[in-house]
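Examination of the molecular architecture
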Amino acid sequence: MSHALRLRVGGLSCAACVARVERALQAVPGVERATVNLSTGRADIRYQPEAVGAERIAQAIRDAGYEPAPVAAGADRADDTQRDTERRALARDLGIAAAFTLPLLVISMGPMLLPAIGEGLHRLAPAAIWHWAELALAAPVLLWAGQRFLTSGWRELRHLAPGMNSLVMLGSSAAFLYSSLALTIPSLFPPGTANLYFEAAAVIVTLILLGRFLEALAKGRTSAAIRRLIHLQPKTARVVSDQGELELPVEQLVAGDVIAVRPGERIPADGILLQGTSHVDESMLTGEPVPVRKGPDDAVVGGTVNQTGAFRYRTTRVGAETVLAQIIRLVEDAQAGKPPIQQLADRIAAVFVPLVLAIAALTFGFWLWLGPTPSLSYAFVAGVSVLLIACPCAMGLAAPTAIMVGTGRGASLGVLFRRGAALETLAGVDTVLLDKTGTLTEGRPALTDLIAFDRPDAEALRLAAAVEQHSEHPIAAAIVQAAQTQGLTLPEVQAVQALPGLGMQAMDQSTGQRLAIGNVRLMQQLGVSLQAAGDAARGLAAAARAPLYLALDDRLVAVLAVADPIRASSPAAIERLRGLGLRTVMVTGDGRATAEAVARQTGIDQVIAEVLPADKAAVVRQLQEEDRRLAFVGDGINDAPALARADVGIAVGSGTDIAIEAGEVILMSGDLRGVADAIRLSRRTLRTIRTNFFWAYAYNLALIPLAAGAFYPLFGWLLNPMLAAGAMSLSSLFVLGNSLRLQRGRL
């Protein structure tokens, strides 16, 4: 049996890094699958423990030039600390770089922009002094603030695996070393080529640090959904014991503890309410803002907010077993997953950096051979610009950031994606196949109709429930439940008799009258006229509901119907799906007449009736053979084969009873309108990923020729290395900003 391992990987900076680590991990014997996420900085590995150990896997990451570290599921507080530390380090280095780069720019570029600056500098000191000042100002930027690029870049080159840090190191170091030699030993260079590019080296490092710092800020926002979920769990709980109420850390809770919760507090773990009543805000589960009333024997979920009353409850699931912990794991797993479009991008990135190095070398050689005088200077500027403009940061961020924001937005709406790939697959579906019972309907019998003839409806319901309370049949239970909901007091009956295939009868103890409830045949045997119920019975038949008749002695009192009621949200949900251009199909084991009646009420396009639960997967396969891309929506209990067979399985949960393993997408509430939300979100996320990739690749394809000097013969355009570094950083920020748009606006 394979094991799962999650590691934090230090030193990742671009899509090429991701591809390199994945390649190194997949080459280890015993590793079945390895996925690395640039945005989270994590590697998710499945491996055979009898063939390879966790330490060997970690060593493979080190051998690739990166630093592995263990990470526990849900350890996002530690991740927050690490991200804060990284942001502070970047802010410090950026401050140092900017402090030295700004005066360097004034010395080197100021005279070209404002002649008065040059005149002032010349009056203060000769030009040679200012040249040495440029060296003194550039050295701390490169060797101190930019040390991360030098060490990481050298490590990448040492492992023959160049990446973004290698490109930045080569570009900035080349500018610095060229300038240092031109300053100290100018005789090495042909006449007219001993130029200084200290400001280019410093600005390159400063701009890349600025881009990295802004990326770190944006990445923190992309993982905000996980952080919000983590912070939903309170740190302490008030445990009721023989000594009174003790406040304990939630980590010390065990199943069976009795917890006291006051108004306004978050519930620390899952459990069953023992005493007291309240309304609980469960919007973190379902996305629904309306509080839910809770009383004894009702389930409560850790992380939800108690609003109005105090109560006590007994814990049933704590720690990693709670619904909140499961949600966090699902969102983490989804953010770690890769859609096919990202896998393609990673394969391209794996060869992109070596290709860029080759283009930079060819560019340098071409300008040195055919460039105008001084050709060495032109060759140097063009070669460094190619190195910097082509850093594949934006490519590596294009999909992970969109998936992180998209899955986080889904979690806030009560829609959980188990895999990032489900986002891409769901966006392409054209048909939605829905189970009926428990999905389109409530999944339990309920009294749907009651028409009384010579007395109030409540009185008729009271008499019917008085007889049915002595039966365990689901129909009887539905009638009794309806009476209890209305708070009716039931009369005492005696001589209760069950009549198989017909109904029940009993004697009203207070009046001595016979009460009978059952089908047409029972009424015929008892000689009860059904003429008054003609219209009502025909209406129920049209809705595919079998009528029940209630008689008092030989008089018809009422007509009732018990059925599995359609969820209130189902018609609106189907309308939304059809509005998205999707075909809707219902599959059910019910008879054709009942199924057609439900389809008419909900607006379903096609009905497949009289299907056994075991045959639902075959229905899915049949529709797929018709070239339909299919999403199956079921309650996740007896629909597991169909959910697994469909292109995308959508499990309809109920907050605390979620079929976590059944579907790739989970609706935390039973509201089917979440299906349309999930599809809209997936389509918008996929559009965002495609837009990100378009601009990332278009940017490189368009600017590499410019950096190489292809337009110089026609227009005299030659890109300055400083502008190349700035443009590279801007491309990454565009991708991040475009992904963050998923957090806002309507789906």
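As recorded in an unreviewed UniProt entry, the protein chain goes by the name P-type Cu(2+) transporter, listed as coming from Thiohalocapsa marina.

Attention now goes to the overall build of the protein chain. What the protein chain contains, in helices and strands, is 27 helices and 26 strands. Taken over 747 residues, the protein chain has a buried fraction of 54%. Restricting the contact set of the protein chain to residue pairs at least 6 apart, pairs at least 24 apart contribute 68%. Just so you have it, the protein chain exposes about 32,000 Å², and 58% of that area is on carbon and sulfur atoms.

By the criterion of burial, strand 15 (residues 431–435) is predominantly enclosed, with five of the five residues buried. Neither face of strand 15 is open: one carries Thr431, Leu433 and Asp435, the other Val432 and Leu434, and all of them are buried. Note: strand 15 against strand 22 (residues 583–587), five bridges, orientation parallel. Opposite Leu434, over in strand 22, you have Met586 as the bridge partner. Relative to strand 24 (residues 630–634), strand 15 runs parallel, the two sharing four bridges. Residue pairing for strand 24: Val432 is matched across the bridge by Ala631.

Let us look at the UniProt feature "transmembrane region" (unreviewed entry) in the protein chain. In the numbering used here, UniProt assigns the "transmembrane region" (unreviewed entry) feature to residues 94–117, 129–146, 167–189, 195–214, 348–370, 376–399, 693–712 and 718–737. In residues 195–214, helix accounts for 85% and strand for 0%; the two terminal C-alpha atoms are 33 Å from one another.

Moving on, we come to the environment of Ile679. With respect to the helices and strands, Ile679 occurs in helix 25 (residues 673–708). Residues Ile679 and Ala427 lie 252 residues apart in sequence; the distance between their C-alpha atoms is 5.9 Å. The residues contacting Ile679, other than those within four sequence positions of it, are Leu426, Val429, Val432, Leu577, Leu580 and Leu582.

To continue, consider the packing of aromatic side chains. Under the criterion given, the structure shown has ten aromatic pairs. Ring geometry for Trp367 against Tyr378: centres 5.8 Å apart, planes inclined by 15 degrees, an arrangement best described as stacked. Residue Trp367 is located in helix 12 (residues 340–370), and its partner Tyr378 is located in helix 13 (residues 375–389); the two are separated by eleven residues in the primary sequence. We classify Tyr378 as partly exposed; its relative accessible area is 22%.

Here Thr584 lies in strand 22. With near-sequence residues (within four places) excluded, Thr584 lies in contact with Val432, Leu434, Ile574, Leu577, Arg578, Gly603, Ile604, Asp605 and Gln606.

The next thing to look at is the pattern of salt bridges. Applying the stated criterion across every chain, the model contains 23 salt bridges. A salt bridge links Asp535 to Arg538; the nearest nitrogen and oxygen atoms lie 2.4 Å apart. Taken as a pair, Asp535 and Arg538 lie in helix 20 (residues 534–542) at a separation of three residues, close to a single helical turn. A salt bridge links Glu596 to Arg592, with the nearest nitrogen and oxygen atoms 3.1 Å apart. Taken together, the residues span about one helical turn, with Glu596 and Arg592 both in helix 22 (residues 592–602) at a distance of four residues. A relative accessible area of 30% places Glu596 in the partly exposed class. Accessibility expressed as a relative area gives 41% for Arg592, which makes it partly exposed.

Moving on, we get to the sheet that holds strand 18 (residues 503–508). Read from one edge to the other, the open sheet built from six strands follows the order 16-21-20-19-18-17, with strand pairing classed as antiparallel. Each having just a single partner strand, strand 16 (446–452) and strand 17 (493–499) make up the two edges of the open sheet. Pairwise comparison of adjacent strand axes, ignoring direction, gives a mean angle of 20 degrees for this sheet. One ladder, built from six bridges, connects strand 20 (residues 547–552) with strand 21 (residues 555–563); its direction is antiparallel. Bridge pairing in strand 21 links Leu548 to Leu560. With respect to the sheet, helix 17 (residues 457–468) is in contact with strand 16, strand 17, strand 18, strand 19 (514–518), strand 20 and strand 21, its orientation differing from that of strand 16 by roughly 125 degrees.

Once that is clear, we can look at unusual backbone geometry. Residue Pro374 is bonded to the preceding Thr373 through a cis peptide linkage, with omega at -5 degrees. Along the chain, the position of Pro374 falls in the loop between helix 12 and helix 13. Although it is not a glycine, Asp553 adopts a positive phi angle of roughly 55 degrees. Inspection of the secondary structure assignment puts Asp553 in the loop between strand 20 and strand 21. We classify Asp553 as partly exposed; its relative accessible area is 26%.

Turning next to a nonpolar patch on the surface. A contiguous nonpolar surface patch, about 260 Å² in accessible area, is contributed by Leu181, Ile185 and Leu188. With respect to the secondary-structure elements, Leu188 resides in the loop between helix 7 (164–184) and helix 8 (198–222).

Counted at 1.5 Å a residue, the expected span for helix 25 with its 36 residues is 52 Å, and the 53 Å between its end C-alpha atoms agrees. Immediately beyond the C-terminal end of helix 25, within one or two residues, lies Gly709, with a positive phi of roughly 90 degrees.

Each regular strand displays side chains that alternate between the two surfaces of the sheet. Here strand 1 (residues 3–10) runs beside strand 3 (residues 42–47); their pairing, made up of six bridges, is antiparallel. Counted as the bridge partner of Leu5 is Ile45 from strand 3. The pairing of strand 2 (residues 31–37) with strand 3 spans six bridges and is classified as antiparallel. Paired with Asn37 across the bridge in strand 3 is Arg42.

Attention now goes to the side chain of Ser682. Structurally, Ser682 can be placed in helix 25. For Ser682, a relative accessible area of 0% puts it in the buried group. Look past the residues within four positions of Ser682 in its chain and what remains in contact with it is Leu423, Leu426 and Ala427.

This paragraph deals with the sheet that holds strand 11 (residues 299–300). Taken in spatial order, the six strands make up an open sheet running 6-5-7-13-8-11, and their pairing is antiparallel. On the outer flanks of this sheet lie strand 6 (244–249) and strand 11, each paired with one strand and no other. When strand 7 (residues 258–261) meets strand 13 (residues 311–317), the two strands line up antiparallel, connected through four bridges. Across the sheet, residue Ala260 finds its bridge partner in strand 13, namely Arg312.

Further remarks concern the nonpolar core. Core analysis: the largest hydrophobic core is formed by 87 residues, its most contacted members being Leu25, Ile45 and Leu426. If you tally residues by element for this core, the top one is helix 25, at 13 residues. If we skip the residues at most four places from it in the chain, Ile45 touches His3, Ala4, Leu5, Leu7, Leu25, Val31, Arg33, Ala34 and Ile57. Ranked by size, the runner-up nonpolar core spans 36 residues in total, among them Ala138, Leu183, Ile204 and Val381.

Quick look at the packing of helix 21 (residues 570–579) against helix 25 now. The contact between helix 21 and helix 25 brings their axes to 7 Å, and the two run at 25 degrees. By the criterion of interaxial angle, the relationship of helix 21 to helix 25 is roughly parallel. On the side of helix 21, the interface is formed by Ala572, Ala573, Arg576 and Leu577, while helix 25 contributes Arg673, Val675, Ala676, Asp677, Ile679 and Arg680. Considering only residue class, the contact of helix 21 with helix 25 consists of six nonpolar, no polar and four charged.

Reading guide: rules and limits
- Residues numbered from 1 in each chain as written.
- Predicted model: local features only at pLDDT ≥ 70, side-chain atom pairs only at ≥ 80, totals over all residues.
- Heavy atoms only, no water.
- Helix = DSSP H or I, 4+ residues; strand = E, 2+ residues; numbered from the N terminus.
- Buried < 20%, exposed > 50% of the residue type's maximum accessible area, 1.4 Å probe, protein only.
- Contact = heavy atoms within 4.5 Å.
- Areas by Shrake-Rupley, 256 points an atom, 1.4 Å probe, with all protein chains shown as cover.
- Pairing = 2+ DSSP bridges.
- UniProt positions renumbered as here; feature names shortened; annotations may be inferred.
- Phe/Tyr/Trp six-rings, centres within 6.5 Å; stacked < 30°, edge-to-face > 60°.
- Salt bridge = Lys/Arg side-chain N within 4 Å of Asp/Glu carboxyl O.
- Axes fitted to C-alpha atoms, helices over the stretch in contact; angles between N-to-C directions.
- Patch = residues over 30% accessible without salt bridge, like charges linked within 9 Å, V, L, I, M, F, W, Y side chains within 5 Å.
- Expected span 1.5 Å × (residues − 1).
- Core = buried A, V, L, I, M, F, W, Y, C linked by side-chain atoms within 4.5 Å.
- Parallel < 35°, antiparallel > 145°, perpendicular 65-115°, else oblique.
- Nonpolar A, V, L, I, M, F, W, Y, C, P; charged D, E, K, R; others polar.

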